[in-house]
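Structural features, examined
As a plain string of letters, each chain reads:
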Amino acid sequence: MENMFSLQGKIAWITGGSYGIGFAIASGMARAGATIVFNDINQELVDKGLAAYQAEGIQAHGYVCDVTSEDAVQALVARVQQEVGVIDILVNNAGIIKRIPMIEMSAADFRKVIDVDLNAPFICAKAVIPAMIEKGHGKIINICSMMSELGRETVSAYAAAKGGLKMLTRNICSEYGDKNIQCNGIGPGYIATPQTAPLRERQADGSRHPFDQFIIAKTPAGRWGNTEDLVGPAVFLASEASNFVNGHILYVDGGILAYIGKQP
Ligand code: NAP
Ligand code: GCO
């Protein structure tokens, strides 16, 4: 049974993997046997990531690469192939959010979010798929969101990107499923990371942020997720245990999408 979930001998590339959700998923994949490759946007973050992996006993390979640049991504994939090997597993994790009411948001800000959260997963998947086809297998995991399904005030660009990422996931499955490539998404609920820190900030009087209280009430599990909650689902989608699971979005949300909300 254990072998079904083993990632022994696999090379996994986690974008934006120096901290947060990407770091936790990569560490979990390393514990399952995978060799970890990650990138981040500057050397400082990569060094921080390398030290964090080392502290966990993981010898990760870290590179500076902006995933919105197709040239940089193609160069990174070629370099990884030379220095580490062919990428078996891609996790499109790097992402940004801008919380701005739509009518106050500039088109430039909207484009920036779409660029990192939707164009970059296309660029990274496009870069790894040819070698996956040649090797005869591949796993792509796109980190989606509650906003792949739901809207909310101030996150128009993020919701548009994550909704698009859900459909890119299904399309990669449709186009390359016959090449033994499985492309699935993970839709995390509200997870305590730096990205969501502003939504959890304590108020001046020490009370919980109203959004924090809203999320607790909206989540049947009654808590925020932590990054470890995403590890089992990610290892499953990267392993042979999920070889006939394709084009699926696995929501890991403590039940948010199942719930109408607390009755009055
Ligand atoms: P995070 O703490 O902000 O980490 C995101 C990582 O991506 C950071 O290391 C970031 O670097 C990197 N990154 C951003 N732009 C990049 C680029 N152009 N090239 C390379 N790396 C880049 O976010 P997180 O909360 O761990 O989220 C990770 C993913 O999960 C994102 O796609 C996010 O949308 C998604 N997600 C998060 C939650 C949640 O509740 N936290 C829920 C659902 C989905 P910088 O520090 O330089 O920006
Ligand atoms: C927000 C949050 C969310 C989460 C996550 C939910 O402002 O609503 O940042 O978008 O980060 O993506 O799944």
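The structure contained in this document is the topic of the report that follows. (Residues numbered from 1 in each chain as written. Chains lettered and ligands numbered in written order. Predicted model: local features only at pLDDT ≥ 70, side-chain atom pairs only at ≥ 80, totals over all residues. Heavy atoms only, no water.)

This brings us to the site of ligand 1. Taken together, 29 residues lie around ligand 1, and Tyr-19, Asp-40, Asn-93, Tyr-158 and Thr-193 are the ones closest in. For ligand 1, an oxygen atom lies 2.5 Å from a polar atom in the side chain of Tyr-19. Relative to its unbound accessible area of 880 Å², ligand 1 is 91% covered by the protein chains. Spatially, ligand 1 is embedded in the largest pocket. If you list the elements that add at least two residues to the shell around ligand 1, you get α1 (20-31), β2 (35-40) and α5 (156-176). A class-by-class count of the residues in the shell around ligand 1 yields 16 nonpolar, 10 polar and three charged. (Near = heavy atom within 4 Å. Polar contact = N/O pair within 3.5 Å; in protein donor to acceptor, adjacent residues only side chain to side chain. Areas by Shrake-Rupley, 256 points an atom, 1.4 Å probe, with all protein chains shown as cover. 1 Å grid on protein atoms, 1.4 Å probe; cavity = no way out; pocket = protein on both sides within 12 Å on 5 of 7 lines; lining within 4 Å. Sits in = over half its atoms within 2 Å of the grid points. Helix = DSSP H or I, 4+ residues; strand = E, 2+ residues; numbered from the N terminus. Nonpolar A, V, L, I, M, F, W, Y, C, P; charged D, E, K, R; others polar.)

Applying the stated criterion across every chain yields a total of nine salt bridges. A salt bridge links Glu-70 to Lys-126, with the shortest nitrogen-to-oxygen separation between them at 2.8 Å. Remark: Lys-126 occurs in helix α4 (residues 107-135) and Glu-70 occurs in helix α3 (residues 70-83); sequence separation between them is 56 residues. Overall, Lys-126 belongs to the partly exposed group, its relative accessible area being 39%. Lys-179 is the salt-bridge partner of Asp-178, the closest N and O atoms lying 3.8 Å from each other. Overall, the relative accessible area of 62% leaves Asp-178 in the exposed class. (Salt bridge = Lys/Arg side-chain N within 4 Å of Asp/Glu carboxyl O. Buried < 20%, exposed > 50% of the residue type's maximum accessible area, 1.4 Å probe, protein only.)

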